[in-house]
Amino acid sequence: MIDLHTHTTFSDGELIPSELIRRAKVAGYRAIAITDHADASNIELILTNVRRLTDAYAHFFDMEVLAGVELTQVPPPLMADFVQMARDAGAQIVLCHGETVVEPVAQGTNLAAIEARVDVLAHPGLITEVEVRLAAEYGVALEITTRRGHSYANGHVAAMAKRLGAKLVIDNDAHAPGDLISRELRHRVGLGAGLTKEDIAQAAANAAVIVERCRGRR
Ligand SMILES: [Zn+2]
Ligand SMILES: [Zn+2]
């Protein structure tokens, strides 16, 4: 399994990165991305320190670990600058905290993130047809999430992505060890979103392609 979306004590997660990585390994994950909430106040602090860990311990993890951020509440007109800032600061993967139905994320965030070509648009909520078409064109993956609350719109995201040809990934958005769920539960969440067994396998393959693409960055 792969989780491209996790949080540590660098934002609102419960575990320091080393602990999260070990828990993920034991829970059966072969790759994770550490993607703490980032804005202008902390983007460099997160990436400098997570890169310090991933560079120093890479050979001991026995799994692939990507350093990244989840750009969160970045004003849409500034999104492209922040994606570039993240990449310049060492982010191998960049997510955007999308327009979830359970939080007041600024309208226009989904579109700005897709236009800025983030790797994954997290929990995009009631994403529009125009946005999904653009995500498909730019290769921006849309997220099906196992996280409570954000997951309310999974059915919409899955249906739109399937109809319009956008790539999906399934993430846990893990904030605590219990969020690193089993293969069986991830599968059931996928089925619950209206995906078929084949769609779920494709989402896993999409995540593997993203890992391959991102691991080569710096
Ligand atoms: Zn988020
Ligand atoms: Zn998150």
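Residues numbered from 1 in each chain as written. Chains lettered and ligands numbered in written order. Predicted model: local features only at pLDDT ≥ 70, side-chain atom pairs only at ≥ 80, totals over all residues. Heavy atoms only, no water.

We now examine the pairing of strand S4 (residues 93–97). Buried residues dominate S4, accounting for five of its five residues. Because side chains alternate across S4, one face comprises the buried residues Ile93, Leu95 and His97, and the other comprises Val94 and Cys96, equally buried. When strand S3 (residues 64–71) meets S4, the two strands line up parallel, connected through four bridges. Looking at S4, one finds that Val69 is bridged to Val94. (Buried < 20%, exposed > 50% of the residue type's maximum accessible area, 1.4 Å probe, protein only. Helix = DSSP H or I, 4+ residues; strand = E, 2+ residues; numbered from the N terminus. Pairing = 2+ DSSP bridges.)

Our focus in this paragraph is the coordination of the zinc ion (ligand 1). The coordination sphere of the zinc ion (ligand 1) contains the protein donors Glu70 (OE), His97 (ND1) and His123 (NE2), at a distance range of 2.0 to 2.1 Å. Taken in chain order, the donor set of the zinc ion (ligand 1) reads E-x26-H-x25-H. In this structure, the zinc ion (ligand 1) lies 3.2 Å away from the zinc ion (ligand 2), the two metals sharing Glu70 as a donor. One end of the pair, His97, is in strand S4; the other, His123, is in the loop between strand S5 (120–122) and helix H5 (129–138), with 26 residues separating them in the sequence. Residue classification places His123 among the buried positions, given a relative accessible area of 1%. (Donors = N, O, S within 2.8 Å, 3.2 Å for Na, K, Ca; no water.)

So, about the coordination of the zinc ion (ligand 2). The zinc ion (ligand 2) binds to the protein through His5 (NE2), His7 (NE2), Glu70 (OE) and Asp173 (OD), with metal-donor distances spanning 2.0 to 2.3 Å. Here the donor residues for the zinc ion (ligand 2) map to a single chain with the spacing H-x1-H-x62-E-x102-D. With relative accessibility at 1%, the residue His7 sits in the buried group. With relative accessibility at 1%, the residue Asp173 sits in the buried group.

For the structure on display, the rule yields 12 salt bridges. For Arg217, the salt bridge goes to Asp119, with nearest N and O atoms at 3.1 Å. Here Arg217, found in the segment after helix H8 (197–215), pairs with Asp119, found in the loop between helix H4 (109–115) and S5; they are 98 residues apart in sequence, far enough to count as distant. In this structure, Asp199 and Lys162 form a salt bridge, with 2.6 Å as the shortest nitrogen-oxygen distance. Within this pair, whereas Asp199 is found in helix H8, its partner Lys162 is found in helix H6 (residues 154–164), the two being separated by 37 residues in sequence. Among the charged side chains, a network of salt bridges with common partners joins Arg87, Asp119, Arg213 and Arg217. (Salt bridge = Lys/Arg side-chain N within 4 Å of Asp/Glu carboxyl O.)

What is shown is where atoms sit, not what they do.
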